[in-house]
Amino acid sequence: MTLTTAEADKLLADHFAPWVQDLGLAAVETGERHAVLRLPWTDRLAREGGGLSGQALMAAADTACVIALSAARGGFGPMTTVQQSTTFQRAVLAQDVLVHARITKLGRRIAFLDITLTPEGAEEPAAHATTVYALG
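Criteria and thresholds
Residues numbered from 1 in each chain as written. Predicted model: local features only at pLDDT ≥ 70, side-chain atom pairs only at ≥ 80, totals over all residues. Heavy atoms only, no water. Helix = DSSP H or I, 4+ residues; strand = E, 2+ residues; numbered from the N terminus. Rg over C-alpha atoms; globule rule 2.2 N^0.38 Å. Buried < 20%, exposed > 50% of the residue type's maximum accessible area, 1.4 Å probe, protein only. Contact = heavy atoms within 4.5 Å. Areas by Shrake-Rupley, 256 points an atom, 1.4 Å probe, with all protein chains shown as cover. Lys, Arg positive; Asp, Glu negative; His and termini not counted. Charge placed at Lys NZ, Arg CZ, Asp CG, Glu CD. Core = buried A, V, L, I, M, F, W, Y, C linked by side-chain atoms within 4.5 Å. Polar contact = N/O pair within 3.5 Å; in protein donor to acceptor, adjacent residues only side chain to side chain. Pairing = 2+ DSSP bridges. Axes fitted to C-alpha atoms, helices over the stretch in contact; angles between N-to-C directions. Parallel < 35°, antiparallel > 145°, perpendicular 65-115°, else oblique. Left-handed = near helix turned anticlockwise from the far one by under 90°. Nonpolar A, V, L, I, M, F, W, Y, C, P; charged D, E, K, R; others polar.

Enquirer: Account for the overall build of the protein chain, with residues named and values stated.
Expert: Counting secondary structure elements, the protein chain contains three helices and six strands. Along its sequence from the N terminus, the protein chain presents helices and strands in the succession α-α-β-β-α-β-β-β-β. Here the C-alpha radius of gyration of the protein chain, 14 Å, is about what a compact globule of 136 residues would show, namely 14 Å. Oriented by its inertia axes, the alpha-carbon framework of the protein chain measures out at about 45 × 25 × 25 Å. Expressed as a percentage of the 136 residues in the protein chain, the buried residues total 42%. A separation of at least 24 residues holds for 60% of the contacts in the protein chain among residues at least 6 apart in sequence. Total accessible area computed for the protein chain in this model is approximately 7,000 Å², and 52% of it derives from carbon and sulfur atoms. Across the protein chain, the centroid of the 11 positively charged side chains sits 10 Å from that of the 14 negatively charged ones.

Written as structure tokens, this is what we have:
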């Protein structure tokens, strides 16, 4: 059982802190083992020099994982980030970012995910992350 994008957007509204909601994330696609969110460009998320801040990208990656796991598990449930590692490959300037979280292993108590963050229309990602989640 998976979530619709409307159900994923409702999870974003119902289960995340206001500052995460301020990122403006929206579900683009959900599947049995993945989710794609859009992180819209805004000057509020830019750092000195005009690039999208790494903190915003990391928060978007982490949030996309929760949606992917919720889709795989048939709904939202207790979970927590145990580890996240992010590499930044190039700056994002004035572009929305598509955040694709893919579950690589889903166990009963732990899950592993791979996340790519790609500016819309670009061929190569701007950042890549991996996460480990503890599941309740």
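Now that the structure has been shown, the text picks up again.
Enquirer: For the nonpolar core, give the residues involved together with the corresponding values.
Expert: Leu39, Val99, Leu113, Ile115 and Tyr133 are the most contacted members of the largest nonpolar core, which totals 41 residues. Contributing elements (two or more residues each) for this core: helix H1 (5-15), strand E2 (34-39), helix H3 (54-73), strand E4 (97-106), strand E5 (110-119) and strand E6 (127-135). Here this core takes 12 residues from H3, the largest share from any one element.

Enquirer: So, the environment of histidine 128: which residues are in play, and what are the values?
Expert: Here histidine 128 is to be found in strand E6. Each C-alpha atom of the pair histidine 128 and leucine 52 lies 14 Å from the other, and the pair is 76 residues apart in sequence. A polar contact of 2.7 Å, which involves the side chain of histidine 128, links it to the side chain of aspartate 114.

Enquirer: So, the environment of glycine 49: which residues are in play, and what are the values?
Expert: Topologically, glycine 49 is positioned in the loop between E2 and H3. Note: C-alpha distance between glycine 49 and alanine 91 (42 residues apart in sequence) is 9.8 Å.

Enquirer: Can you tell me about the pairing of E5, naming the residues and giving the values?
Expert: Most of E5 sits out of view: seven of its 10 residues are buried. Counted between consecutive antiparallel strands, the loop separating E4 from E5 contains three residues. Here eight bridges tie E5 to E6, and the two strands are oriented antiparallel to one another. Counted as the bridge partner of alanine 111 is tyrosine 133 from E6.

Enquirer: Any details on unusual backbone geometry? Residues and values, ideally.
Expert: With glycine set apart, most residues show a phi of negative sign, and most peptide bonds adopt trans. Its identity as a non-glycine residue notwithstanding, alanine 94 has a phi of 55°, on the positive side. For alanine 94, the location among the structural elements is in the loop between strand E3 (79-88) and E4.

Enquirer: Outline the packing of H1 against H3, supporting the account with residue identities and numerical values.
Expert: Across the interface, H1 lies against H3 with an axial gap of 11 Å and an inter-helix angle of 130°. One element, H1, and the other, H3, form an angle in the oblique class. Here H1 and H3 pass one another in a crossing that is right-handed. Seen from H1, the contacting residues are Ala8, Leu11 and Leu12; seen from H3, they are Thr63, Ile67 and Ser70. Here the residues of the contact of H1 with H3 are counted per class, giving four nonpolar, two polar and no charged.

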